[in-house]
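Observations on the three-dimensional arrangement
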Amino acid sequence: MIRKKIVAGNWKMNLQLEQALELVKTISNQSTDISNVDLIIFPPALFLLEIDKIKSQLKVGVQNFYPKENGAFTGEISIAQIKNCGASHALIGHSERREIFHESEEFIKQKVDAAIIHTIGVIFCCGEPLHIRENNSQFTYVKQQLIDSLFHLSDDEILKCVVAYEPIWAIGTGKTATIEQAEEMHSEIRSWIAEYYSQEIADSISILYGGSCNGTNAKELFACPNVDGGLIGGASLQAESFITIARSF
Ligand code: PGA
């Protein structure tokens, strides 16, 4: 079974327009020969239109959107609007949205549904906080996140999703999960997909690792049989490290 390999860059609330365009140009120029990995960048949504003009082979997604068609939702952007500006993917369920912006499982589920309806590729983020890992309840915790907001999808719909496992204690901390911890959780996630859907579907869905993944540790993480790529925060803000990660398979 050949699963898609993906390296995605979550820029979060970083960079000014000029820097963002420069980064897109450099990444796209330096990755023309990378054909075995899908590269997806998630810039601040305001920059989508400008990036769309120069993105060449790169795919572009949004870090956030509001799951309603239109209406009185001051400050929000809809999926139709982001599609209009060239986005093909969306991050959903990122721990920063869950924690800082109090996005509930139910709201995250609505976002998944809205993305599916509008054929936006879903990168569904899950992962446990430190105290859950310390209690050794990480498997129950992550499985519940998937059950609550993702596993209601049909077979065809789940096949349009990618799962990103991001242990919260590893995000932006420089403290990566060990390869054993990453592989163990990824293989559990795949087994839950097989339990709720089928082995064939589980084998087709890419599962990315995120959390202090960088040019130095990507190689051994991506060598794990159930790690199909990475969701990269800090190290995606420099073309060199992002490209090094993309070449780590
Ligand atoms: P990090 O962020 O690579 O900076 O740890 C990952 C993420 O939040 O997606």
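Treat the numbers as computed from the prediction; the structure is a model and nothing was measured.

1. A closer look at the packing of helix H1 (residues 17-30) against helix H12 (residues 239-246)
Their axes nearest at 9 Å, the elements H1 and H12 cross at an angle of 35°. Of the two possible hands of crossing, H1 and H12 adopt the one that is right-handed. Taking contact as the criterion, the partners of Leu23, Thr26, Ile27 and Gln30 in H1 are, on H12, Ala239, Phe242 and Ile243. Class assignment of the residues belonging to the contact of H1 with H12 gives a composition of 5 nonpolar, 2 polar and no charged.

2. Here's the deal with the environment of Leu23
In this structure, Leu23 sits in helix H1. Setting aside anything within four residues of it in sequence, one finds Leu23 in contact with Trp11, Leu15, Ser236, Leu237, Gln238 and Ala239.

3. Structural notes on the nonpolar core
A general feature of soluble globular proteins is that nonpolar side chains tend to end up buried together. Counting residues in hydrophobic clusters, the biggest one holds 69 residues, and the most contacted among them are Val7, Ile27, Ile41, Leu146, Leu150, Ile189 and Tyr209. Considering each element in turn, this core owes the most residues, 6 residues, to helix H9 (residues 179-196). Excluding its chain neighbours within four sequence positions, the residues that come into contact with Ile41 are Gly9, Trp11, Val24, Ile27, Ile51, Leu58, Lys59, Val60, Gly61 and Phe242. Ranked by size, the runner-up nonpolar core spans 11 residues in total, among them Ala8, Phe42, Cys125 and Val162.

4. Describing the packing of helix H7 (residues 138-149) against H9
Following both chains from N to C, one finds H7 and H9 inclined at 45°, their axes separated by 11 Å at the closest point. Relative to H9, the element H7 is oriented oblique. Between H7 and H9 lies a crossing of right-handed hand. Mapping the contact onto sequence places Gln138, Phe139, Val142, Lys143, Leu146 and Ile147 in H7 and Glu184, Met185, Glu188, Ile189, Trp192, Glu195 and Tyr196 in H9. A per-class count over the contact of H7 with H9 returns 8 nonpolar, 1 polar and 4 charged.

5. Re the packing of aromatic side chains
Inspection of the entire model under this criterion finds 6 aromatic pairs. Ring centres of Phe151 and Tyr196 lie 4.9 Å apart, and the angle between their planes is 35°; this geometry places the pair in the tilted category. Here Phe151, found in the loop between H7 and helix H8 (155-158), pairs with Tyr196, found in helix H9; they are 45 residues apart in sequence, far enough to count as distant. Three or more aromatic residues joined by ring pairs form one cluster here, namely Tyr66, Phe73 and Phe107. Over the ring of Phe101 we find Arg97, and its NZ or CZ is 4.1 Å from the ring centre. Directly above the ring of Phe65 sits Lys111, whose terminal nitrogen or CZ lies 5.4 Å from the centroid.

6. Considering H1
With 14 residues, H1 extends 20 Å between its outermost C-alpha atoms, agreeing within 8% with the 20 Å of an ideal straight helix rising 1.5 Å per residue. Structurally, H1 contributes buried residues whose contacts are with strand E2 (37-42), helix H2 (48-54) and H12.

7. Examining the sheet that holds strand E5 (residues 121-126)
Spatial ordering of the closed barrel is given by E1-E2-E3-E4-E5-E6-E7-E8, a layout of 8 strands whose pairing is parallel. Within this sheet the neighbouring strands show an average axis-to-axis angle of 25°, counted without direction. Taken together, the 3 bridges between strand E6 (residues 161-165) and strand E7 (residues 207-210) define a ladder with parallel strand orientation. Bridged to Tyr165 within E7 is Tyr209. Packing of H7 onto the sheet brings it into contact with E5 and E6, and relative to E5 it is tilted by some 145°.

Calculation criteria
- Residues numbered from 1 in each chain as written.
- Predicted model: local features only at pLDDT ≥ 70, side-chain atom pairs only at ≥ 80, totals over all residues.
- Heavy atoms only, no water.
- Axes fitted to C-alpha atoms, helices over the stretch in contact; angles between N-to-C directions.
- Helix = DSSP H or I, 4+ residues; strand = E, 2+ residues; numbered from the N terminus.
- Left-handed = near helix turned anticlockwise from the far one by under 90°.
- Contact = heavy atoms within 4.5 Å.
- Nonpolar A, V, L, I, M, F, W, Y, C, P; charged D, E, K, R; others polar.
- Core = buried A, V, L, I, M, F, W, Y, C linked by side-chain atoms within 4.5 Å.
- Buried < 20%, exposed > 50% of the residue type's maximum accessible area, 1.4 Å probe, protein only.
- Parallel < 35°, antiparallel > 145°, perpendicular 65-115°, else oblique.
- Phe/Tyr/Trp six-rings, centres within 6.5 Å; stacked < 30°, edge-to-face > 60°.
- Lys NZ or Arg CZ within 6 Å of the ring centre and 35° of its normal.
- Expected span 1.5 Å × (residues − 1).
- Pairing = 2+ DSSP bridges.

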